[in-house]
Amino acid sequence: MTFLSSTDTDAPGLSFRYGGRPALEMLPAWQRETVTVSTPGAEVTQVTYQESPAGMKVTVTRRRFTTFPAVDWVVEFENLGPADSLLLEDILPLDFSLALPPTERLRLHHANGSLCQMDDFLPQVTELRPGSKKTLSPIGGRSSNGTFPFMNLQRDGCGLVLAIGWSGQWGVWFERGEESLRIAAGMERTHLRLHPGEKIRTPRILLLDWEGQDMETGNNLLRQLLLVHYLPRLDDQLVLPPVGQLLQMYFYLTGNAGEQYEMKALPRTAATGAEVHWIDACWYGGQGEWWQEVGTWSVNLKKFPRGLRPISDAAHAAGLKFVLWFEPERVRNGAQIHREHPEYLVASAQDPDNLLFNLGLPAARRYLTELLSANIAEHGVDIYRQDHNFDPLPYWQAVDTPDRIGMTEIRYIEGLYALWDELRQRHPGLWIDNCASGGRRIELETLTRSLPLWPSDFHDTPGLATGLGLHVGDQCINAGLARWVPLFGGGVWNFTPYSTRSEIIGGFAFTFHIDHKHFYTDDHTSLSKPLEVMAKGKTLLDDDFPLEDATAAIAEWRSIRPFFLGDFHHLLPLTISYHDWCAWQLHREDLGAGIAVFLRRHRSPFPTIAASLKHIALDAQYDVSLSPGYIEAPSQRMPGTDLAQLILSIPEAPGSLLLRYRRL
């Protein structure tokens, strides 16, 4: 049994209104052509509907995967006529209804987006009862700002994963009647005319069917589908999130940045076993704070008199990749781009100090492509890090005219994808780190081109302000995101096993090690001065930085890294309560092995917990090790019946255990 009785249609329920008439009234009468080609792992079908030789053309490009019960598609509209088209509105690439008895339970599993909060990516469940409605959409035009564009609809014995590929203001609508369910998805609002020769695209829609009673079955199918068919590759190998070191937090604390600091830290970075040397928002401009300089993308020669190339060369010589930060979509009043190309910028009365670089203008995008490409080549950049720290929706709306609502957003999102595709084409070996105030632009299309190495700004100083709550937030963010997306990064402030294991579902970055005795207490009321805590920490610039602990943490991370590609499970309900435990598992069926991490939080009164591992064969024998510290404990043989029903103890709070298992 599957959720949908059939997904053999061109696209389930594509709907729109054209000249006031619904698509269902028109498309059957339009000329229809179908072309199907086979590609590795999928069958791609392109269906075109043409009103007339000089009318509207609608193209649905559908990819049906051959080894996954999944289909994705994108729809294009093109005006072939000599005049403006009729009004095209309410475009929904997904809009369908199915029969559903009123007695059947229907649960929508979804997640918070990123809002720089402890509960970023926390799982959510909404019961869809007869007569209920549920709408999901992001805040302000960034695709995972507050709401996450991945969801799993569960019914009895099966379910349906729905994912959106659109780095803008998408919307998903669920409406359950007494005997049916309607699901619709697309841009939140479209109401526009196309000029002669104009073509636009819709958000990409992915549907994935799954069978069973456990919603994580669908989520793990999604993870595997992303790994095989979506996530970026270099030389046909998956790009994996690394461990990196950056001095940005040291810059926040001291105001110091420059070649001498980077060169001092760099060899010690390599000595830890880290993989990348990372320069964030401290290298450009020269007159004000980092956020006041965006739009002036030239090296600050007072800090870096020889530029950045000596640093990237030294990183490469040490076997490290070089990461460099940009925020090209935001331009401050008076910045170089504002002075030289004001015609490329959009203003909003809501935020007059920040201007939006309009990626929807072809000339503007060409200019920015050349600018960024030149910087990538000049500075020896391996990982291009693109940030985006403000909401674009008010700017898009400021440009739209009454008969072109949604058009600026469409052109902008198309331009963003084109920019990234061009940079990757020009610089073989380059990959992209997608940061938007920490994880606020994660969706299918950005995931095909990038990885989010900093999925929440809670990893930054806001998390540090919560004391040991920082690690609770880390656990929530990482275990919440890993349920949907297999590869991403994070941040580490302390190199005890409890701290790093709160971050080791992906890569991570570090600047400081701060001893827990210097963290705020839970009852600390002034959360505005995390720099006070940071000042007590140690960086690689300090001789007493705990290099051995960092090296041991990274060695453990390397040892479990292969399991990031496996199935992921929450072994306990994921919460942000300081009194709870957190536990999760990663399993590789092809290896007959996996890991599980158990984290007793700092306020937990419970030294013992019961947990049941997944994918355990009860009649098999396993080699198992259970390590409280970085040194792996001796392994012991354990029957599957015991491994499937564990009783574990962690005497200290906070504390952790790393369980490794391998089937014999």
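A. Representation of the overall build of the protein in the model. Within the protein, the regular secondary structure consists of 16 helices and 40 strands. Over its C-alpha atoms the protein spans a radius of gyration of 25 Å, differing by no more than 12% from the 26 Å that the globule rule assigns to 664 residues. For the protein, the spread of C-alpha atoms along the three principal axes comes to 75 × 65 × 50 Å. The proportion of buried residues among the 664 residues of the protein is 61%.

B. Just the sheet that holds strand 15 (residues 180-187), in detail. Sheet architecture is open: 4 strands sit in the order 8-15-14-11, paired in antiparallel fashion. Taken across any chain shown, the strands that pair with only one partner, and hence form the sheet edges, are strand 8 (94-99) and strand 11 (133-136). Averaged over all pairs of adjacent strands, the angle between their axes in this sheet comes to 10°, without regard to strand direction. Strand direction decides the pairing type here: strand 14 (residues 170-176) and strand 15, joined by 7 bridges, are antiparallel. Residue pairing across strands places Val172 opposite Ala185, the latter belonging to strand 15.

C. Expanded view of the packing of helix 7 (residues 362-379) against helix 9 (residues 407-426). Viewed as axis vectors pointing N to C, helix 7 and helix 9 meet at an angle of 35°, and their least axial separation amounts to 10 Å. Here the hand of the crossing between helix 7 and helix 9 comes out right-handed. Across the interface between the two elements, Arg365, Leu368, Thr369, Glu370, Leu372, Ser373 and Ile376 of helix 7 pack against Gly415, Ala418, Leu419, Glu422, Leu423 and Arg426 of helix 9. Within the contact of helix 7 with helix 9, the residues separate by chemical class into 6 nonpolar, 3 polar and 4 charged.

D. Highlighting helix 9. Look at helix 9: 28 Å from first C-alpha to last across 20 residues, which is about the 28 Å you get at 1.5 Å a residue. Among all positions in helix 9, only Met407, Thr408, Glu409, Ile410, Tyr412, Ile413, Gly415, Leu416, Tyr417, Leu419, Trp420 and Leu423 are buried.

E. Looking closely at the sheet that holds strand 24 (residues 330-332). With antiparallel pairing, 3 strands are arranged side by side in an open sheet as 24-26-25. At either end of the open sheet lies a strand with only one pairing partner, and these are strand 24 and strand 25 (345-346). Here strand 24 pairs with strand 26 (residues 354-357) via 3 bridges, running antiparallel. What sits directly across from Arg330, in strand 26, is Leu356.

F. Main features of the environment of Asp95. Checked against the element boundaries, Asp95 lands in strand 8. The exposure class assigned to Asp95 is buried, which follows from its relative accessible area of 16%. Along the chain, Asp95 and Ile183 lie 88 residues apart, while their C-alpha atoms are 5.7 Å from each other. In this structure Asp95 touches Pro12, Gly13, Leu14, Ser15, Arg182, Ile183 and Ala184, once residues within four positions along its chain are discounted. For Asp95, the side chain forms a polar contact with the side chain of Ser15, separated by 2.8 Å. Looking at Asp95, its side chain comes within polar contact range of the side chain of Arg182, at 2.9 Å.

G. Geometry of the side chain of Gln245. Inspection of the secondary structure puts Gln245 in strand 21 (residues 243-246). In this structure the side chain of Gln245 is engaged in a polar contact, spanning 3.1 Å, whose partner is the side chain of Thr269. Among all residues touching Gln245, those that are not within four sequence positions of it are Ala265, Thr269, Val276, His277, Trp278, Phe510 and Leu540.

H. Main features of the packing of aromatic side chains. Here the structure, examined in full by the defined rule, presents 28 aromatic pairs. Measuring from ring centre to ring centre gives 5.6 Å for Trp297 and Phe326, while their planes differ by 55°; the resulting arrangement is tilted. Separated by 29 residues along the polypeptide, Trp297 in the loop between strand 22 (276-279) and helix 5 (309-317) and Phe326 in strand 23 (residues 321-326) bring together distant segments of the chain. Residue classification places Phe326 among the buried positions, given a relative accessible area of 0%. Taken together, Trp283, Tyr284, Trp290, Trp297, Trp325, Phe326 and Tyr384 form an aromatic cluster joined through their ring pairs. Lying across the ring of Tyr230, Arg63 places its NZ or CZ 5.0 Å from the centre.

I. Molecular detail of the environment of Thr135. Along the chain, Thr135 falls in strand 11. Classification of Thr135 by relative accessible area gives partly exposed; the value is 46%. Through-space distance from the C-alpha of Thr135 to that of Ala185 is 9.7 Å; in sequence the pair is 50 residues apart. In this structure Thr135 touches Val172 and Trp173, once residues within four positions along its chain are discounted.

J. Just the nonpolar core, in detail. Of all hydrophobic cores here, the largest spans 96 residues; its most connected members are Phe16, Phe77, Leu162, Trp283 and Tyr384. In terms of residue count, the dominant contributor to this core is helix 9 (9 residues). In terms of nonpolar packing, the next biggest core, distinct from the first, is built from 93 residues, Ala163, Leu225, Leu470 and Tyr520 among them.

K. Layout of the packing of helix 4 (residues 259-272) against helix 5. Closest axis-to-axis distance for the helix 4/helix 5 pair is 10 Å, and the angle between their directions is 5°. The angle between helix 4 and helix 5 places the two elements in the roughly parallel class. Contact residues: helix 4 offers Glu259, Glu262, Met263 and Leu266, while helix 5 offers Pro310, Ile311, Ala314 and Ala315. A class-by-class count of the residues in the contact of helix 4 with helix 5 yields 6 nonpolar, no polar and 2 charged.

L. Region of the structure containing unusual backbone geometry. In this structure, the amide linkage connecting Ala653 to the following residue, Pro654, adopts the cis form with an omega of 5°. Secondary-structure assignment places Pro654 in the loop between strand 39 (646-649) and strand 40 (655-663). At Cys116, a position not held by glycine, the phi torsion is positive, near 60°. Cys116 gets classed as partly exposed once you look at its relative accessible area, which sits at 23%. Phi angles above zero are rare outside glycine, and Ser437 is one such case at about 50°.

M. A look at helix 2 (residues 215-229). Its 15 residues give helix 2 an end-to-end C-alpha distance of 21 Å, which sits within 8% of 21 Å, the value for a rise of 1.5 Å per residue. Helix 2 sits mainly inside the fold: 11 of its 15 residues count as buried. Looking only at helix 2, the buried set comprises Met215, Glu216, Gly218, Asn219, Asn220, Leu222, Arg223, Leu225, Leu226, Leu227 and His229. Two or three places before Glu216, at the opening of helix 2, Asp214 has a side-chain oxygen 3.0 Å from that residue's backbone nitrogen.

N. Molecular detail of the environment of Leu320. Residue position: Leu320 is located in the loop between helix 5 and strand 23. For Leu320, a relative accessible area of 3% corresponds to the buried category. Considering only alpha carbons, one finds Leu320 and Ala270, 50 residues apart in sequence, at a separation of 7.0 Å. Apart from residues no more than four positions distant in its own chain, Leu320 is found in contact with Leu266, Thr269, Ala270, Ala274, Glu275, Val276, His277, Ala315 and Asp382.

O. Just the pairing of strand 21, in detail. Burial along strand 21 is two-sided: Val243 and Gln245 facing one way and Gly244 and Leu246 facing the other are all buried. Relative to strand 32 (residues 508-510), strand 21 runs parallel, the two sharing 3 bridges. From the neighbouring strand, Gln245 faces strand 32, where its bridge partner is Phe510.

What counts as what
- Residues numbered from 1 in each chain as written.
- Predicted model: local features only at pLDDT ≥ 70, side-chain atom pairs only at ≥ 80, totals over all residues.
- Heavy atoms only, no water.
- Helix = DSSP H or I, 4+ residues; strand = E, 2+ residues; numbered from the N terminus.
- Rg over C-alpha atoms; globule rule 2.2 N^0.38 Å.
- Buried < 20%, exposed > 50% of the residue type's maximum accessible area, 1.4 Å probe, protein only.
- Pairing = 2+ DSSP bridges.
- Axes fitted to C-alpha atoms, helices over the stretch in contact; angles between N-to-C directions.
- Left-handed = near helix turned anticlockwise from the far one by under 90°.
- Contact = heavy atoms within 4.5 Å.
- Nonpolar A, V, L, I, M, F, W, Y, C, P; charged D, E, K, R; others polar.
- Expected span 1.5 Å × (residues − 1).
- Polar contact = N/O pair within 3.5 Å; in protein donor to acceptor, adjacent residues only side chain to side chain.
- Phe/Tyr/Trp six-rings, centres within 6.5 Å; stacked < 30°, edge-to-face > 60°.
- Lys NZ or Arg CZ within 6 Å of the ring centre and 35° of its normal.
- Core = buried A, V, L, I, M, F, W, Y, C linked by side-chain atoms within 4.5 Å.
- Parallel < 35°, antiparallel > 145°, perpendicular 65-115°, else oblique.

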